[in-house]
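# Fold and contact review
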Amino acid sequence: MPGPTLEMEPVEPQSLKKLSFKSLKRALDLFAPIHGHFAPPDLESKKIRLSHKIQLEYGGIKSTKNPNQVNTTQSDGNNQASTPSNALALPALGKLNHDVVRADDSLTLEKRCFFLSSQNLVAFGLGNRGCWTGTENSKDPRTGGTQNALVVGPSVQPEGLNEVGFPGKSTAVVSSSRPSERNLSTSAIMERIPSKWPRPVWHPPWKNYRVISGHLGWVRSIAFDPSNTWFCTGSADRTIKIWDVGSGRLKLTLTGHIEQIRGLAVSNKHTYMFSAGDDKQVKCWDLEQNKVIRSYHGHLSGVYCLALHPTIDILLTGGRDSVCRVWDIRSKMQIHALSGHDNTVCSVFTRPTDPQVVTGSHDTTIKFWDLRYGKTMATLTHHKKSVRAMALHPKEHAFASASADNIKKFNLPKGEFSHNMLSQQKTIINAMTVNEEGVMATAGDNGSLWFWDWKSGHNFQQAQTIVQPGSLDSEAGIYALSYDITGSRLVTCEADKTIKMWKEDENASPETHPLSFKPPKDIRRF
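Because the structure is predicted, anything quoted here is derived from the model rather than measured. Here, residues in each chain are numbered from 1, in the same order as that chain's written sequence. Confidence filtering applies because this is a predicted model: local features only for residues at pLDDT of at least 70, side-chain atom pairs given and counted only at 80 or more, and all residues used for totals across whole chains, interfaces and linings. As a convention, hydrogens and water are excluded, and side-chain values are obtained from all of the structure's heavy atoms.

### Considering the packing of aromatic side chains
The criterion for an aromatic pair is that two Phe, Tyr or Trp rings (for Trp, the six-membered ring) have centres within 6.5 Å, with stacked assigned to planes under 30 degrees apart, edge-to-face to planes over 60 apart and tilted to the rest. Within the structure shown, the criterion is met by 13 aromatic pairs. With centroids separated by 6.4 Å and ring planes inclined at 85°, the aromatic side chains of Tyr 272 and Phe 274 adopt a geometry described as edge-to-face. Both residues of the pair, Tyr 272 and Phe 274, count as buried. Between Phe 274 and Tyr 296, the aromatic rings sit 6.5 Å apart at their centres with planes inclined by 45°, giving tilted as the arrangement. Of this pair, Phe 274 sits in strand β10 (residues 272–277) while Tyr 296 is found in strand β12 (residues 291–296), placing the two residues 22 residues apart along the sequence. Just as Phe 274 is buried, Tyr 296 falls in that class too. One aromatic cluster is present, formed by Phe 349, Phe 368, Phe 399, Phe 410 and Phe 417 through successive ring pairs. Charge-over-ring contacts are defined here by two conditions on Lys NZ or Arg CZ: a distance within 6 Å of the ring centre and an angle within 35 degrees of the ring normal. In this structure, Arg 220 packs its charged tip against the face of Tyr 479, placed 4.2 Å from the ring centre. Classification of residues uses two cut-offs on accessible area relative to the type maximum, computed with a 1.4 Å probe and protein chains only: under 20% is buried, over 50% is exposed, and between them is partly exposed. Segments assigned H or I by DSSP are reported as helices when at least four residues long, segments assigned E as strands when at least two residues long, and all are numbered from the N terminus.

Below you can see the structure in the form of structure tokens.
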């Protein structure tokens, strides 16, 4: 049986106007007494906010006592708790000003906040003894109150005025209680610390003065004769050509490889030249007979790089089988197979002292090898891309390595990372070399040829190779480059089948080509 139904009270119909009046009346009842008036100022909260601003602005400066505080007003005798005040003393342009602006004078709180938050503190014009106490209940030093002062004075006692008129070399903060925090708001009065980054040496720009055309394929490798009279180039046309350095004329063409020639080296103790290519062959050429006298068999794939030891009769080759092989030149025997890389070994150089062998690989690592035991001494993992090129400095115990992400400098013999070069070429870097004057050249896959100052890492010239007529613009790639023995001429081997020779511009001077260098603010340490 259904329960009794409850009768709902009738709701009085109300118009929108009546509802609005009810709401307005309720609002007026709540807020009418203080309607249109601001809340009364809370002096305590303003005092806390002001002290917080002072702490943020000048918290990094050590609190010091100011014995020369001038007492202009007496305490009202209300024995309030003394709070430290932050005072600022700046060197004035003229005579010392002993005026003291106190917080309990006619200045309003807003004006005092303006003074405190002002960045251009020099505009105050206060004397060395003048100061401004920033809180109301600061006490006089004679009555036992403490004064926290910002003392900013000349960092070096001068004999004359500097160029902005202040007596001294520069202004400096005396000491800091929090040295780890950089106080940005007082940067106008902080001493400007000079950059410790070495300034680059001025080098004249390089220019192309000769183009040699003779190969029928990409020119992939180059090596100079120790007498500096000729140089040899290896190409994808499977030939080795020997050119005269002075005139650029072709002297000789050698055939024997069946694939492109990736590596060349000329011995400075024997009349031998060594070549390596994609046909897995490493050959020794007798330049008195102009023919192959030895072949070194053992690589399982193409050979990408080749180097001769400067003091011992051994040859080093690295290739796609991820192994750097050490050969005895005379007996053709393999001494070591330096295995440890996970990908192609594409660059190698040797030194007379440990580490005698340094290899770079497509696995992004650089390895130092102990030649006596054939073991790894160290592995550098700083690069993120393939290390396709490395260059040993001819005088310093240092080398540079290049990949698509960065060009990095390392110290030898331990391999400590020095720094990155200050610019990024943003291309695949196929080759690099450095001369005794500290000019490093790096060659990119897009035809870019960049010149660097070795000491500072500054890129002082960005050249772009020009393809020979009849070639595609995409063939503007540089595969190898080398300085001659004197370091005054640079030879590049390119994808448009040409060889280009570069030299310094004799007419250039620091006035015609000024050095545009800005020291780096932050250096990536990886």
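### Structural notes on the nonpolar core
Only buried residues count toward a nonpolar core. Its members are Ala, Val, Leu, Ile, Met, Phe, Trp, Tyr and Cys residues joined through side-chain atoms within 4.5 Å. Judged by nonpolar contacts, the single largest core of 14 residues is most densely connected at Ala 402, Ile 407, Met 432, Met 440, Trp 452 and Trp 454. Breaking this core down by element, the ones donating at least two residues are β21 (389–392), β22 (398–402), β25 (429–434) and β27 (448–453). Apart from the residues within four sequence positions on either side, Trp 454 is in contact with His 393, Glu 396, Ala 398, Phe 399, Ala 400, Lys 409, Met 421, Val 434, Gly 438 and Met 440. Between two residues, a contact is recorded if the distance between any of their heavy atoms is within 4.5 Å.

### Quick look at helix α2 (residues 43–58)
The terminal C-alpha atoms of α2 lie 22 Å apart, and with 16 residues this matches the ideal 22 Å at 1.5 Å per residue to within 8%. Of the positions making up α2, those classed as buried are Leu 50, Ile 54, Glu 57 and Tyr 58. Looking straight down α2, one finds its buried side chains confined to an arc of 70°; they lie on one side. Exposed positions of α2 whose direction lies more than 90 degrees from the buried face are Ile 48 and Leu 56. One fewer than the residue count of a helix, multiplied by 1.5 Å, yields its expected span. The arc under discussion is defined with respect to the helix axis, by the directions toward the C-beta atoms.

### Topic: the sheet that holds β22
If you trace the 4 strands from one edge of the open sheet to the other, you get β21-β22-β23-β24, paired in antiparallel fashion. At either margin of the open sheet sits one strand with a lone partner, and together these are β21 and β24 (417–420). Ignoring which end each strand starts from, the neighbouring axes of this sheet average 20° apart. Pairing between β22 and strand β23 (residues 407–411): 5 bridges, direction antiparallel. Across the sheet, Ala 402 pairs through a bridge with Ile 407, a residue of β23. Whether two strands pair depends on DSSP finding at least two bridges between them. Fitting a line to C-alpha atoms yields each axis, with helices limited to the stretch in contact; the angle taken between N-to-C directions then spans 0 to 180 degrees.

### As for unusual backbone geometry
At the junction of Asp 354 and Pro 355, the peptide bond is cis and its omega measures out at -5° in the coordinates. One can find Pro 355 in the loop between β17 (345–350) and β18 (357–361). With a phi angle near 60°, Asn 290 is a residue other than glycine that sits in the positive phi range. In this model, Lys 497 sits at a positive phi of 70°, which is unusual for a non-glycine residue. Overall, Lys 497 belongs to the partly exposed group, its relative accessible area being 32%.

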